[in-house]
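Chain and residue survey
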Amino acid sequence: NDCEQDCAGDWGGDALVDDCGVCNGGNADQDSCGVCFGDGTSCLPNLISLGAATDSSLEVLYSSSTAISGFQFSLDGATATGASGGAAEDAGFEVSVGSVAVLGVSFTGNTIAAGEGLLTVLDIEITSNSACLSGVVVSDSSGSGVDFQTGDCVDLNCEFDCAGVCNGDAVEDEC
């Protein structure tokens, strides 16, 4: 209509405001997830998973669409004896390893930014042929719970000796 101005101020023009509120923007300000002025993290799956494993360590990875203020999970198939490194350490989190669960929290209010990468590295004692995560609980920067999934189990280098000890050195004698 020649009697109306478009968003660019042109009489009878055809410039339109895009989904991000930009005149003639063509939605160029949307990230790959369709979020205006986003950083691409809004479409990341919320996932805590296991990565590379050695005879004594196990990587814990994360992918999160929101900042993380705390996490907890159980480890099956290995016993965690310590934790260090990764985004948790970089953010100043205290990561404690108990007999039932691994707990990570910042007592100063720091968060792990939305994104993906190495959460922490667990020191482990192998008790099975594979390790799995269970009971994952993650909270966002307001302390609210966020739904997270667990990744697949990982194979561990475990050969049981005759006494049933993983990577043990017991052997049967001649009798």
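Use the structure listed above.
Okay, so let's go over this structure. (Residues numbered from 1 in each chain as written. Predicted model: local features only at pLDDT ≥ 70, side-chain atom pairs only at ≥ 80, totals over all residues. Heavy atoms only, no water.)

As a further point, take the sheet that holds strand β7 (residues 115-126). Here we have five strands laid out as an open sheet, ordered β4-β7-β2-β1-β10, and mixed in their pairing. In this open sheet, the two edge strands, each paired with only one partner strand, are β4 (78-84) and β10 (149-150). (Pairing = 2+ DSSP bridges. Helix = DSSP H or I, 4+ residues; strand = E, 2+ residues; numbered from the N terminus.)

Core analysis: the largest hydrophobic core is formed by 31 residues, its most contacted members being Ile48, Leu75 and Ile112. Among the secondary structure elements, those contributing two or more residues to this core are β1 (47-53), β2 (57-64), β3 (70-76), β4, α1 (86-90), β7 and β8 (130-139). Sequence-distant contacts of leucine 75, defined by excluding residues within four places in its chain, comprise Leu50, Leu58, Ala80, Leu122, Ile124, Ala131, Cys132 and Leu133. (Core = buried A, V, L, I, M, F, W, Y, C linked by side-chain atoms within 4.5 Å. Buried < 20%, exposed > 50% of the residue type's maximum accessible area, 1.4 Å probe, protein only. Contact = heavy atoms within 4.5 Å.)

Time to look at the packing of aromatic side chains. This model, assessed by the stated rule, comprises two aromatic pairs. A centroid spacing of 6.1 Å and a plane angle of 10° characterise the contact between phenylalanine 71 and phenylalanine 73, whose relative ring orientation is stacked. For the residue pair phenylalanine 71 and phenylalanine 73, the accessibility class agrees, reading buried in each case. Here phenylalanine 71 and phenylalanine 93 contribute two aromatic rings whose centre-to-centre distance is 6.1 Å and whose plane-to-plane angle is 15°, an arrangement assigned as stacked. Of the two residues, phenylalanine 71 sits in strand β3 while phenylalanine 93 sits in the loop between α1 and β5 (94-97), which places them 22 residues apart along the sequence. Among the aromatic side chains, those forming a connected cluster through ring pairs are Phe71, Phe73 and Phe93. (Phe/Tyr/Trp six-rings, centres within 6.5 Å; stacked < 30°, edge-to-face > 60°.)

Looking now at the pairing of β5. Two faces make up the sheet, and in a regular strand the side chains alternate between them. Summarising the sheet, β5 and strand β6 (residues 102-105) pair through four bridges and their orientation is antiparallel. Bridge assignment links glutamate 94 to a residue of β6, and that residue is valine 105. The antiparallel hairpin formed by β5 and β6 contains four residues in its connecting segment.

Read these as spatial facts, not as claims about activity.
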